[in-house]
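# Coordinates in review
Each chain, letter by letter, is given below.
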Amino acid sequence: MVSHSPSPLPSEEGQRETPRGAAPTEAAPEAPPSLGDRLELLGFRAVLGLIGLIPRRLALRIGAWLGDILYLLHRRGRRVALLNLARAFPDRSPSEHRAILRESIRNLGRVAAEVCHFGSLTPQNIGDYVHIDDRATWEQLFATAEQRGVLVLTGHFGNFELLAYAHGLLGHPITLVHRPMNNPLVDRAITDLRAVAGTVSLPKKSAAKAALRALHRHQIVAIPADQNQTRRYGVFVDFFGLPACTTPGPARLAMLSGAAVIPVFLLREGASDKHRVLVLPEIPLARSGDRDADVIANTQRCTAVIEDLLRRYPEQWIWFHKRWNTRAKGEPRIY
């Protein structure tokens, strides 16, 4: 099923290879962590430990309450989110937009509280919190992975952090392509936390070759594909009727590896600590022979799946992300 090949696979950020015959450049030494980074790490660990000591359901209520406070105080983020909602749902009223946003931020607070309780999750009790929506379809996902690898298309829905963690506890560890946080110490702490369940985290800028190797080994690689991309490394596809610069990573990796592209999301049930794994049908890939056109067509197919889910569960997405921040040449800025 691999239709293109010998050219090297570029990463999402356009990683360049050293020209043939040229001496490889040495990587710049990593800057030592700043005092601010160290203090932020201490704060992160303190919150993780403190919230982890509070009973789970009470912690979730506290998380939702903190989300309400964030809604009131984060004026800039609220403005961005309401602009996004007005573009995505022009048929809904401003009061409906505000209600969706409130629930979205409450969900984010619950996500943070649940992450603090990851240490209490085990293979024995994970089923108390994560339900498989369609077990036959879910098991077929792993059968497909054994045959040709699976690229899981996902996004920042529900408790997106719990998706890979739960699968690891269920005996199916996932390789996750992620965008590192600005603070390298906190990013490393989160990566270590994910690794407890067997998740392998690949920083997005250098993920391509490792992700391709994992797919060739018939493993599962998950890529969130619902965030804005820079013009240089993204492609423009339709998202809620507007051009949105989107990562072509899933399309390129799938076309090169022959892996199946299967959308998988973890959705929260109401305001509870219960979640369900939703596995959607495999996305058929366009293979016309025009590589660039196929990348765009397949990225559009992936984005359409995400848009459809977002229309069904708008309160479970992060609306204050500047999804349309990158504009095509000549188009006015939105934010």
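In this report, the structure presented in the accompanying data block is examined. (Residues numbered from 1 in each chain as written. Predicted model: local features only at pLDDT ≥ 70, side-chain atom pairs only at ≥ 80, totals over all residues. Heavy atoms only, no water.)

### Considering unusual backbone geometry
Positive phi outside glycine occurs at H218, with the angle close to 65 degrees. On the secondary structure map, H218 appears in the loop between helix 8 (208–216) and strand 5 (220–224). When its relative accessible area of 33% is taken as the criterion, H218 is described as partly exposed. Positive phi, close to 60 degrees, is recorded for F240, a residue that is not glycine. Residue position: F240 is located in the loop between strand 6 (235–239) and strand 7 (242–246). (Helix = DSSP H or I, 4+ residues; strand = E, 2+ residues; numbered from the N terminus. Buried < 20%, exposed > 50% of the residue type's maximum accessible area, 1.4 Å probe, protein only.)

### Observations concerning the nonpolar core
Among the nonpolar cores identified, the biggest contains 33 residues, and L153, F157, F265, L310 and W319 are the most heavily contacted of them. The element best represented in this core is helix 10 (residues 291–312), accounting for five residues. Aside from chain neighbours lying at most four places away, what touches W319 is V80, A81, N84, L85, A88, F89, I100, L101, S104, L310 and P314. Counting residues in each nonpolar core, the second largest holds 32 residues, with L121, A145, L193 and A197 among its members. (Core = buried A, V, L, I, M, F, W, Y, C linked by side-chain atoms within 4.5 Å. Contact = heavy atoms within 4.5 Å.)

### Quick look at the sheet that holds strand 3 (residues 175–178)
Overall, mixed pairing links the seven strands, which are arranged 1-9-8-2-5-3-4 in an open sheet. On the outer flanks of this sheet lie strand 1 (130–132) and strand 4 (200–203), each paired with one strand and no other. Adjacent strand axes in the sheet meet at a mean angle of 30 degrees, parallel and antiparallel pairs treated alike. Taken together, the four bridges between strand 3 and strand 4 define a ladder with parallel strand orientation. By the bridge assignment for strand 4, L176 is matched with S201. Its contacts with the sheet place helix 8 against strand 2 (150–154), strand 3, strand 4 and strand 5, and it is angled at close to 140 degrees to strand 5. (Pairing = 2+ DSSP bridges. Axes fitted to C-alpha atoms, helices over the stretch in contact; angles between N-to-C directions.)

### Things to note about helix 5 (residues 135–148)
Its 14 residues place the ends of helix 5 20 Å apart at the C-alpha level, agreeing with the 20 Å of an ideal helix rising 1.5 Å per residue. Those residues of helix 5 lying buried are W138, L141, F142, T144 and A145. Along the axis of helix 5, the buried residues cluster in a sector spanning 155 degrees; they form a single face. Seen from the open side of helix 5, the exposed residues pointing more than 90 degrees away from its buried face are A136, E146 and Q147. Among the structural elements, strand 1, strand 2, helix 6 (160–169), strand 5, strand 8 (260–268) and strand 9 (275–279) are those in contact with the buried residues of helix 5. Capping the start of helix 5 is the job of one residue whose side-chain oxygen sits 3.2 Å from the backbone nitrogen of A136: D134. Phi turns positive, to about 80 degrees, at G149, one or two residues after helix 5. (Expected span 1.5 Å × (residues − 1). Arc of directions from axis to C-beta. Polar contact = N/O pair within 3.5 Å; in protein donor to acceptor, adjacent residues only side chain to side chain.)

### A closer look at the packing of aromatic side chains
For the structure on display, the rule yields nine aromatic pairs. Seen from their ring centres, F89 and F240 are 5.6 Å apart, and the 70 degrees between their planes marks the pair as edge-to-face. Of this pair, F89 sits in the loop between helix 3 (75–88) and helix 4 (94–116) while F240 is found in the loop between strand 6 and strand 7, placing the two residues 151 residues apart along the sequence. Given the relative accessible area of 3%, F89 is considered buried. Ring geometry for F239 and F240: centres 4.9 Å apart, planes at 80 degrees, overall edge-to-face. (Phe/Tyr/Trp six-rings, centres within 6.5 Å; stacked < 30°, edge-to-face > 60°.)

### Section: the layout of surface pockets
In this structure, the second largest pocket spans a volume of roughly 270 Å³. Surrounding the second largest pocket, 16 residues form its lining, P173, I174, T175, Q219 and I220 being those nearest its centre. Looking at the lining of the second largest pocket, the elements that each hand over two or more residues are helix 5, strand 4 and helix 8. The element that contributes the greatest number of residues to the lining of the second largest pocket is helix 5, accounting for three residues. For the lining of the second largest pocket, the residue count by class is nine nonpolar, five polar and two charged. (1 Å grid on protein atoms, 1.4 Å probe; cavity = no way out; pocket = protein on both sides within 12 Å on 5 of 7 lines; lining within 4 Å. Points joined across faces, edges and corners; volume = space filled by probe spheres on them. Nonpolar A, V, L, I, M, F, W, Y, C, P; charged D, E, K, R; others polar.)

### Comments concerning helix 8
Three or more residues of helix 8 are buried, namely A208, A210, A211, L212, A214 and L215. Contact partners of the buried residues in helix 8: helix 5, strand 2, strand 3, strand 4, strand 5 and helix 9 (249–257). In the segment just after helix 8, H218 is the residue with positive phi, at about 65 degrees.

### Here's the deal with the packing of helix 9 against helix 10
What describes two packed helices is the angle between their axes and the distance between those same axes. Close contact between helix 9 and helix 10 brings their axes to 8 Å; oriented N to C, the two are set at 120 degrees. The orientation of helix 9 relative to helix 10 falls into the category oblique. The two elements helix 9 and helix 10 meet at a crossing, and its hand is right-handed. In contact with A251, R252, M255 and L256 of helix 9, helix 10 contributes R291, D294, V295, N298 and T299. Residue composition of the contact of helix 9 with helix 10, grouped by class: four nonpolar, two polar and three charged. (Parallel < 35°, antiparallel > 145°, perpendicular 65-115°, else oblique. Left-handed = near helix turned anticlockwise from the far one by under 90°.)

On their own, these measurements won't tell you what the molecule is for.
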